[in-house]
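Coordinates in review
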Amino acid sequence: MRVLVVEDERTMADAIARGLRRHGMAVDVAYDGLQGHEMAYVTRYDVVVLDRDLPGMHGDEICAALVESGALTRVLMLTASGSVAERVEGLQLGADDYLPKPFAFDELVARVQALGRRATPPAPPVFSVGNLVLDPARRAVTRGGLPVDLTNKEFGVLEALLKARGAVVSSEELLERVWDANTDPFTTTVRVTVMTLRKKLGDPPLIETVVGAGYRVPEPVVTT
């Protein structure tokens, strides 16, 4: 899941980003409204965690712009005010959810995860290819009935390939969906991650390299 945190209180913004990354999300951070608006325009995020009172460009304007663009991005708006009138106003602007400060971090994570599930067309409960099974909800992978221990990035790459349903996914697309904006676009990290992922998944190999295009996995079987 790709998340943008737009929050001018740097300590809070960085803490939110660190916490979401620990839950396997790719997180970018903007510390003012103008930067946040530009990043949200350039990159397709699943969820934007958006402070309402921002310097440069108000959170209300960013939210309205995202709604007007027709993007599938979901907006979780943060505010220091917890009044009912403030929450209603934020939701009327097009925010998908509203969380007053201070908040419990576990609740923030749960809300971001819930919004992320709504940001893309519904994913099937379980993917399977041959004797490989990936369960996104449990973040679990097995092959031949045995668990496969994957890092967050390896899991993200495998999930992205399975969601493509047999289509080729380029390295650039994988960088955008699984890593954050701080990743060097010329890095070999995708190739290295795919290489270690292949080793962990074992034989027969499932991930195919399409020279000059990217990677693919045979179209998975979807089960409920």
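Residues numbered from 1 in each chain as written. Predicted model: local features only at pLDDT ≥ 70, side-chain atom pairs only at ≥ 80, totals over all residues. Heavy atoms only, no water.

Thoughts on the sheet that holds strand 5 (residues 97–100)
- The parallel open sheet is built from 5 strands, whose spatial order is 2-1-3-4-5. Two strands close off the open sheet at either side, each with one partner strand: strand 2 (26–30) and strand 5. Averaged over neighbouring strand pairs, the angle between their axes works out to 20° when direction is ignored.
- Bridge analysis of strand 4 (residues 74–79) against strand 5 gives 4 bridges, and the strand direction is parallel. In the sheet register, Thr79 faces strand 5, and the bridge partner there is Pro100. (Pairing = 2+ DSSP bridges. Helix = DSSP H or I, 4+ residues; strand = E, 2+ residues; numbered from the N terminus. Axes fitted to C-alpha atoms, helices over the stretch in contact; angles between N-to-C directions.)

Digging into the pairing of strand 8 (residues 140–143)
- Judged from the 4 bridges that link them, strand 7 (residues 132–135) and strand 8 form a sheet pairing that is antiparallel. Residue pairing for strand 8: Val133 is matched across the bridge by Thr142.
- Here strand 7 folds back onto strand 8 in antiparallel fashion, the turn holding 4 residues, of which Arg139 has a positive phi close to 50°.
- Direction of pairing for strand 8 relative to strand 9 (residues 146–147): antiparallel, over a ladder of 2 bridges. If you follow Thr142 over to strand 9, its bridge partner there is Pro147.
- Connecting strand 8 to the antiparallel partner strand 9 that follows it, the hairpin turn spans 2 residues, and Gly144 within it adopts a positive phi of roughly 60°.

Quick word on the pattern of salt bridges
- This structure, assessed with the given rule, holds 13 salt bridges.
- Among the salt bridges present, the one from Arg44 reaches Asp46, with a minimum N-O distance of 3.2 Å.
- Residue Arg44 is classed as partly exposed on the basis of its relative accessible area, which comes to 29%.
- Of the charged contacts in the structure, one is a salt bridge between Asp51 and Lys101, with a shortest N-O distance of 3.1 Å. Note that Asp51 is positioned in strand 3 (residues 47–51) and Lys101 in the loop between strand 5 and helix 5 (105–119), a separation of 50 residues in sequence. Taken individually, Asp51 and Lys101 each receive the classification buried, so the pair is uniform in this respect. (Salt bridge = Lys/Arg side-chain N within 4 Å of Asp/Glu carboxyl O. Buried < 20%, exposed > 50% of the residue type's maximum accessible area, 1.4 Å probe, protein only.)

What to know about the side chain of Glu154
- Following the sequence through the fold, Glu154 ends up in helix 6 (residues 152–163).
- By relative accessible area, Glu154 is classed as buried at 6%.
- At 3.1 Å, the side chain of Glu154 and the side chain of Thr196 are in polar contact.
- Contact partners of Glu154, with chain neighbours within four places excluded, come to Asp149, Thr193, Thr196, Leu197 and Lys200. (Polar contact = N/O pair within 3.5 Å; in protein donor to acceptor, adjacent residues only side chain to side chain. Contact = heavy atoms within 4.5 Å.)

So, the domain arrangement of the chain
- Domains assigned within the chain are domain 1 (2–119) and domain 2 (127–216).
- Just the C-alpha atoms count here: the centres of domain 1 and domain 2 sit 28 Å apart.
- Between domain 1 and domain 2, the contact holds 9 residues from the first and 9 residues from the second.
- Each partner contributes to the roughly 730 Å² buried at the junction of domain 1 and domain 2, and carbon and sulfur atoms together form 35% of this total.
- For Arg177, the salt bridge is made with Asp46, and the minimal N-O distance between the two is 2.8 Å.
- Applying the counting criterion to the domain 1 and domain 2 interface returns 4 residue pairs in polar contact (both at pLDDT 80 or more).
- Of all the elements, strand 2 adds the most residues to the side of domain 1 that touches domain 2, at 3 residues.
- Across the side of domain 1 that touches domain 2, the residue classes break down as 2 nonpolar, 1 polar and 6 charged. (Domains from an automatic or database assignment. Buried area = accessible area lost by both parts, 1.4 Å probe. Nonpolar A, V, L, I, M, F, W, Y, C, P; charged D, E, K, R; others polar.)

Examining the nonpolar core
- Grouped together as the largest cluster of nonpolar side chains are 26 residues, with contacts concentrated most on Val141, Val157, Leu158, Leu201 and Ile207.
- If you list the elements that add at least two residues to this core, you get strand 6 (126–129), strand 7, helix 6, helix 7 (171–178) and helix 8 (189–201).
- If we skip the residues at most four places from it in the chain, Ile207 touches Leu161, Val194, Leu197, Arg198, Leu201, Tyr215, Arg216 and Val217.
- Counting residues in each nonpolar core, the second largest holds 19 residues, with Ile16, Val29, Leu78 and Phe103 among its members. (Core = buried A, V, L, I, M, F, W, Y, C linked by side-chain atoms within 4.5 Å.)

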